[in-house]
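Structural characterization, general
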Amino acid sequence: MDKNILEQYIELKGEIQDLKDRIDKDERRLAKIEKEGVVSDTVKGTRSDGTFGSIRITGYPLPEHDRVKSMIKKRVAKLHILEDDLLNVINEVDDFIEKIPESDLRMMFRFKYLDDMTWAAVAINMNYRFPKKRIKYTEDSCRKRHNRYLEKNCKF
């Protein structure tokens, strides 16, 4: 078994979240451009009547609007590709977890990776699932069992 699939899964989820944040930021920027509509600026130069002075220029920021819209399309396409990759990696992670021989350890891995829980949440869920267990699960005990399993059974 290979530990790299778990690391790849975590990194891919982080990359997807980063891309979603960037798309949201660009969409807010596009909405601002569309809301403000016309932009204006004042420059110094020769007026149409031949005198020199301040000239007010107004217009719609079409190049910026098109740039932002194009960036959103590219990022959405990239997001779809990454989400497809994530589905493939989720299947590999699920296969990896299914090969773990101990049932409670499989549950810990599912809670940690597939349900994206913290170690404290993993311990709480494990104690909920096994209320009659003599020694209760703790955050540290779950994390240590996870780490020991990976050290013993996985390639690095």
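Conventions and cut-offs
- Within every chain, residues take consecutive numbers counted from 1 along the sequence as written.
- pLDDT decides what is reported in this predicted model: residues at 70 or higher carry local features, side-chain atom pairs at 80 or more are listed and counted, and totals for whole chains, interfaces and linings draw on all residues regardless.
- Computation of side-chain values: all heavy atoms of the structure, hydrogens and water removed.
- Secondary structure elements follow DSSP: runs of H or I no shorter than four residues count as helices, runs of E no shorter than two count as strands, and numbering proceeds from the N terminus.
- Note that the radius of gyration is over C-alpha atoms, with the globule rule given as 2.2 Å times the number of residues to the power 0.38.
- Categorising residues by exposure relies on relative accessible area from a 1.4 Å probe, with only protein chains included: less than 20% of the type maximum marks a residue as buried, more than 50% marks it as exposed, and the intermediate range marks it as partly exposed.
- Should any heavy atoms of two residues lie within 4.5 Å, those residues are counted as being in contact.
- Calculation of accessible area relied on Shrake-Rupley with a 1.4 Å probe; when residues are assessed, cover is drawn exclusively from the protein chains displayed.
- Helix span, expected: 1.5 Å multiplied by one less than the number of residues in the helix.
- Orientation is described by lines fitted to C-alpha atoms, with helices fitted over the stretch in contact, and by angles between N-to-C directions that extend from 0 to 180 degrees.
- Small angles under 35 degrees read as roughly parallel and large ones over 145 as roughly antiparallel, with 65 to 115 read as roughly perpendicular and the rest as oblique.
- When residues are sorted by character, Ala, Val, Leu, Ile, Met, Phe, Trp, Tyr, Cys and Pro go into the nonpolar class, Asp, Glu, Lys and Arg into the charged class, and all the rest, Gly among them, into the polar class.

This brings us to the overall build of the protein. In terms of helices and strands, the protein carries five helices and two strands. Rg of the C-alpha trace for the protein: 27 Å, well past the compact-globule value of 15 Å for 156 residues, more than 25% over. With respect to the three principal axes, the spread of C-alpha positions in the protein is 95 × 30 × 20 Å. The buried share of the protein, reckoned over its 156 residues, is 29%. Counted over contacts in the protein with a minimum sequence separation of 6, partners at least 24 positions apart contribute 55%. For the protein, the accessible surface area stands at approximately 10800 Å², while carbon and sulfur atoms represent 51% of it.

Its 12 residues give helix H3 (residues 103-114) an end-to-end C-alpha distance of 16 Å, which sits within 8% of 16 Å, the value for a rise of 1.5 Å per residue. Tucked into the core, H3 has its buried residues touching helix H1 (4-36), helix H2 (62-98), helix H4 (119-129) and helix H5 (139-153). Positive phi appears at Asp116, one or two residues downstream of H3, with a value of about 60°.

In this section: the side chain of Asn125. Note on placement: Asn125 falls in helix H4. For Asn125, a relative accessible area of 18% translates into the label buried. Non-local contacts of Asn125, meaning those with residues more than four positions away in its chain, are made with Phe111 and Met117.

At a minimum axis distance of 10 Å, the contact between H3 and H5 shows a crossing angle of 105°. Compared by their axis directions, H3 and H5 come out roughly perpendicular. Taken together, the residues of H5 that come into contact with H3 (itself represented by Asp104, Leu105, Met108, Phe109 and Tyr113) are Cys142, Arg145, His146, Tyr149 and Leu150. Class assignment of the residues belonging to the contact of H3 with H5 gives a composition of seven nonpolar, one polar and two charged.

Function cannot be inferred from these measures alone, as they are strictly geometric.
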